[in-house]
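# Fold and geometry: a report
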4 protein chains.
Amino acid sequence: MGADSSPYPKADRATRAEPTSVKIGLNRWIGNGHFGVIAGPCAVENEKQLMQTAISVSKSGATALRGGAFKPRTSPYSFQGLGEEGLKLLAKARTETGLPIVTEVLDPRDVTLVAEYADVLQIGSRSTQNYPLLREVAKTHKPILLKRGMSMTVDEWLFSAEYILDQGNGNVILCERGIRTFDHSLRHTLDLAVVPLLKEKTHLPVIVDPSHGTGKASLVPAMSKASMAAGADGLMIEVHPNPSQALSDAEQAITLEVFSSLMSELGLRK
Amino acid sequence: MGADSSPYPKADRATRAEPTSVKIGLNRWIGNGHFGVIAGPCAVENEKQLMQTAISVSKSGATALRGGAFKPRTSPYSFQGLGEEGLKLLAKARTETGLPIVTEVLDPRDVTLVAEYADVLQIGSRSTQNYPLLREVAKTHKPILLKRGMSMTVDEWLFSAEYILDQGNGNVILCERGIRTFDHSLRHTLDLAVVPLLKEKTHLPVIVDPSHGTGKASLVPAMSKASMAAGADGLMIEVHPNPSQALSDAEQAITLEVFSSLMSELGLRK
Amino acid sequence: MGADSSPYPKADRATRAEPTSVKIGLNRWIGNGHFGVIAGPCAVENEKQLMQTAISVSKSGATALRGGAFKPRTSPYSFQGLGEEGLKLLAKARTETGLPIVTEVLDPRDVTLVAEYADVLQIGSRSTQNYPLLREVAKTHKPILLKRGMSMTVDEWLFSAEYILDQGNGNVILCERGIRTFDHSLRHTLDLAVVPLLKEKTHLPVIVDPSHGTGKASLVPAMSKASMAAGADGLMIEVHPNPSQALSDAEQAITLEVFSSLMSELGLRK
Amino acid sequence: MGADSSPYPKADRATRAEPTSVKIGLNRWIGNGHFGVIAGPCAVENEKQLMQTAISVSKSGATALRGGAFKPRTSPYSFQGLGEEGLKLLAKARTETGLPIVTEVLDPRDVTLVAEYADVLQIGSRSTQNYPLLREVAKTHKPILLKRGMSMTVDEWLFSAEYILDQGNGNVILCERGIRTFDHSLRHTLDLAVVPLLKEKTHLPVIVDPSHGTGKASLVPAMSKASMAAGADGLMIEVHPNPSQALSDAEQAITLEVFSSLMSELGLRK
């Protein structure tokens with residue numbers, strides 16, 4: 001099928017002769033042969049936590065640093081993130097380590113602010129069909145990390161990517177992070193088969209978040225290896241110096257040491 | 001359990017001695033014994049379509065008029081709604097019929113505009129965990145119709161209501177509209193048991209949208225009656241003068257005549 | 001569509017001019033205008049429990065008595081039912097009250113035995129795609145109560161009915177009992193919209209089990225009324241003299257008194 | 001947690017010091033370091049198809065031959081398998097190639113017959129909570145391949161394994177084959193994270209069926225590699241000399257050539 005007849009002609013694989021690689025920061029890439037690992041804490045909590053994590057994951061070979069400053073929380077009474085203070089800490093960590101910054105934006109009115117600090121704007125799973133936000137982040141022309149919604153089909157996901165591409169921003173990375181199913185043995189059901197399926201449907205890079213995808217730290221290494229074997233272009237992993245003390249998602253963050261070993265096992269340790 | 005120990009203390013039933021009724025427009029109510037029916041087209045398409053529908057559903061006994069001016073569409077290439085022009089047509093229909101207006105807002109930056117025209121602000125199923133939007137609509141102190149997300153648990157839904165209540169706006173109506181399940185015999189699975197369950201958990205009124213909930217016009221009358229029997233405080237129904245010509249959701253809209261008969265069968269025809 | 005081109009030609013509505021009614025016992029019917037209520041305990045536990053329940057639900061206007069003698073239990077270490085002793089108690093309850101007996105059969109090798117005692121053979125939700133069992137129960141020419149499987153589509157359900165009809169046994173009653181979805185607020189998601197949907201697709205009667213469908217006794221009355229309003233041909237309800245002492249499904253059984261009141265509210269009290 | 005307090009004490013990992021390996025045929029093993037690949041057609045169709053497949057997959061390094069003689073089909077009008085004739089062809093293929101035979105049994109009354117021919121008895125996804133069948137196959141003391149049900153939780157699956165273990169048969173291999181979820185982009189959602197999760201919970205070997213798990217032949221190689229990387233003890237793969245002509249599951253079978261290449265890529269080609 002040619003791209004002309006595709007329902008999402010700009011995301012469709014038929015559009016481009018070769019897979020897209022997205023430039024992250026000054027000299028790093030994800031896609032088309034570049035395997036990238038985005039690592040860091042769920043939420044930026046304080047300078048010490050962030051710097052310690054950034055320095056360590058950088059040494060272990062991470063491609064970029066993740067950390068949430070604006071956190072979408074199910075309860076209005078949960079910790080909502082440090083906001084701009086968190087962004088400043090992320091920028092400081094970039095200065096310290098050279099790691100590009102990936103962070104989430106929730107509100108179209110915050111896009112300009114977040115884009116001042118971030119190298120990659122993350123659209124979280126609750127925002128993947130927030131079309132005003134998709135249009136707004138697209139306009140920054142920064143790379144966009146587009147997570148899959150918790151009950152989003154593959155086609156709906158590509159339509160959301162199309163909203164960004166249609167604004168002239170082709171720097172979209174898709175991120176599988178688990179879906180909601182009947183089985184609550186784990187937090188979500190990591191849907192790895194979408195990796196090779198997306199490779200058939202789109203030219204965009206696809207990475208996997210085994211931390212949210214399983215919700216269980218002990219499974220992250222095995223599912224990271226499985227993601228790579230399935231053909232993913234990268235990983236997004238929650239790493240925390242002291243997971244049991246994390247302000248959010250404590251169950252699923254791996255330690256600095258486990259991350260370091262995992263990077264070696266994946267053959268990514270520099 | 002007292003409200004103090006509830007995870008959503010303001011939405012919790014223990015907070016209030018009696019169920020909440022929400023005032024819609026000048027002199028209509030939903031909740032605590034007031035059964036309300038919100039009817040109208042999925043999208044405002046043009047003046048003729050809207051006026052014809054408004055006059056007819058008003059005669060049939062509808063409580064309020066629904067109609068989308070800002071439409072969240074899966075594809076960027078689908079009809080996205082008439083925007084402010086649609087809001088003006090809705091206001092005109094209100095003038096004509098006296099029906100209060102219920103319409104969706106998608107973008108926090110549009111809230112002030114939409115609130116100028118609408119009597120009730122609708123939060124659609126893609127926006128139910130859009131927390132910046134929830135906070136923004138809350139501040140208008142207008143009634144908020146909070147649809148359930150497609151894969152939202154009952155507790156997550158009450159947390160989203162709590163975001164609104166926590167801003168000092170207690171005028172929240174919950175609307176069940178079907179969830180995503182494995183069975184695609186119908187567009188969604190209408191989860192009617194949440195009606196009596198919510199009555200145990202919260203003081204807020206609960207209505208049902210059998211149009212989205214089934215996606216099939218022929219089932220809307222039966223499921224409207226079932227909703228009432230289950231204890232719902234009202235209904236939200238898609239009605240179109242000529243469903244097969246509708247610009248969106250053509251499969252699920254009922255005709256003006258079917259709506260009129262249904263209102264009689266429900267004992268709501270004035 | 002004519003029945004000839006239907007994938008399940010014998011179950012298809014186009015096959016018969018009028019809806020099927022199934023004769024239960026000597027002089028009771030379910031379907032085509034006959035609303036039937038099958039009530040009783042999840043499991044037959046002992047004579048006293050069963051007789052007390054049977055006499056009470058009979059007075060309240062029940063159509064038939066349910067009770068499990070062979071129980072499919074997730075764990076091999078749970079109570080598996082009284083077996084033939086349970087069947088004998090059911091037969092005794094029939095003699096006492098005149099109520100026809102509905103009981104489950106799990107094993108094709110038990111069909112002859114169970115059919116000696118039962119008026120209706122129940123196929124439980126774990127057995128709805130147990131095709132050897134379906135063929136075997138069909139051959140008894142007794143009425144078959146065919147529950148929906150926990151993750152069964154409407155079409156798959158009608159195919160399972162077709163297995164029975166294709167053996168020349170047209171006495172099939174379909175029973176919606178809740179499906180598995182992401183939301184575990186309740187034990188299952190009761191899918192009431194299948195009632196009017198099935199009325200369009202098949203001539204077979206459709207009843208609803210709000211006890212398994214919700215897993216919560218306090219919701220059973222509301223969902224019973226909703227089922228009737230949706231057009232169901234009957235109900236299957238778990239009733240126990242002392243639910244908190246029940247050997248299985250204690251959370252979802254209603255008391256004899258609640259059942260009596262419910263039958264009055266449904267207009268079914270004789 | 002010790003096995004004593006486990007709900008499934010015989011399947012629980014705490015029961016055994018080391019992982020179980022299951023002997024397949026005379027001198028092959030699955031589990032505890034032995035990676036096994038079970039390959040063959042969905043259904044035995046005729047001698048030529050089966051022999052050609054058996055000889056080819058044997059050369060490619062398969063551990064065992066699969067092939068269905070008794071097929072559980074959604075429709076009573078679909079091809080139901082060759083029955084005993086199919087079993088005889090499987091036995092002939094074993095004589096020819098030395099490959100042990102894995103085949104499904106549906107009916108407790110067929111267990112003795114099937115066990116005469118088969119080396120491994122397969123319990124399909126529709127039968128995983130067919131407890132009479134589980135008890136019957138257990139008594140043969142043959143290895144049992146226990147597929148996961150389409151909407152079965154991990155705990156329910158281990159309870160089904162416990163039914164077999166509790167009969168004194170410890171030769172159980174668990175097989176993940178995809179679950180039912182809202183997303184129908186693929187036939188099922190392959191739940192690979194259960195592989196490392198099961199490794200934490202049980203000593204039993206776990207294999208993966210990427211053919212049913214995805215329903216799409218082009219994804220089978222990638223998901224086979226991912227399964228191995230996730231820590232699975234083996235694979236079950238549908239292979240057909242001419243997939244487009246297959247009598248069932250034509251979409252998901254890979255060719256003899258693709259299987260051969262895949263075995264090389266997995267490092268399993270002898």
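Description of the structure in this document.

The rules behind the values
Residues numbered from 1 in each chain as written. Chains lettered and ligands numbered in written order. Predicted model: local features only at pLDDT ≥ 70, side-chain atom pairs only at ≥ 80, totals over all residues. Heavy atoms only, no water. Core = buried A, V, L, I, M, F, W, Y, C linked by side-chain atoms within 4.5 Å. Buried < 20%, exposed > 50% of the residue type's maximum accessible area, 1.4 Å probe, protein only. Contact = heavy atoms within 4.5 Å. Least-squares fit on C-alpha atoms with pLDDT ≥ 70 in both. Salt bridge = Lys/Arg side-chain N within 4 Å of Asp/Glu carboxyl O. Helix = DSSP H or I, 4+ residues; strand = E, 2+ residues; numbered from the N terminus. Buried area = accessible area lost by both parts, 1.4 Å probe. Polar contact = N/O pair within 3.5 Å; in protein donor to acceptor, adjacent residues only side chain to side chain.

### Quick word on the nonpolar core
What tends to happen in soluble globular proteins is that the nonpolar side chains get buried as a cluster. Judged by nonpolar contacts, the single largest core of 148 residues is most densely connected at Leu 174 and Phe 259 of chain A together with Leu 174 and Phe 259 of chain D. Residue contacts for Leu 174 of chain D: discarding those within four places in its chain leaves Leu 146, Trp 157, Leu 158, Ala 161, Leu 198, Thr 202, Leu 204, Pro 205, Val 206 and Ile 207 of chain D. One finds Val 114 and Leu 146 of chain B together with Leu 90 and Ala 226 of chain C within the second-largest nonpolar core, a separate group that totals 147 residues.

### What to know about the relation of the copies chain B and chain A
For these two chain copies, the linking operation is a rotation about an axis paired with a shift along it. Note on the copies: chain B fits chain A at an RMSD of 0.0 Å, the axial shift is 0.0 Å, and the rotation between them is 180 degrees. The transformation relating the two chain copies, once decomposed into turn and shift, fits a two-fold axis. Residue Ser 151 of chain B, judged by its C-alpha, is the member of chain B lying nearest the rotation axis, at 3.0 Å. When the interface residues of chain B are mapped onto chain A, 100% of them are again interface residues, pointing to one common binding face.

### Concerning the pattern of salt bridges
The full count for this structure, using the stated rule, is 64 salt bridges over all chains. The partner of Glu 136 of chain B in a salt bridge is Lys 139 of chain B, and the shortest N-O contact between them spans 3.7 Å. Here Glu 136 of chain B and its partner Lys 139 of chain B are both found in helix H4 (residues 131-139), 3 residues apart, which amounts to about one turn of the helix. Note that Lys 147 of chain B and Asp 209 of chain B form a salt bridge whose closest N and O atoms lie 2.6 Å from each other. Of this pair, Lys 147 of chain B sits in strand E7 (residues 144-147) while Asp 209 of chain B sits in the loop between strand E9 (206-208) and helix H7 (210-214), and the two are 62 residues apart along the sequence. Taken as a pair, Lys 147 of chain B and Asp 209 of chain B share a single burial class, namely buried. Taken together, the salt bridges that share partners define one network made up of Asp 107 and Arg 109 of chain A together with Glu 136 and Lys 139 of chain B.

### Some thoughts on the interface of chain D and chain A
The partner chain A presents 31 residues to the 31 residues of chain D that form the contact. Both sides of the chain D and chain A interface together cover about 2300 Å² of buried area, and 72% of this is carbon and sulfur. Seen at the junction of chain D and chain A, the total is 4 salt bridges. Arg 148 of chain D serves as the salt-bridge partner of Asp 183 of chain A, at 2.7 Å between the closest nitrogen and oxygen. One can count 6 residue pairs in polar contact (both at pLDDT 80 or more) joining chain D with chain A.

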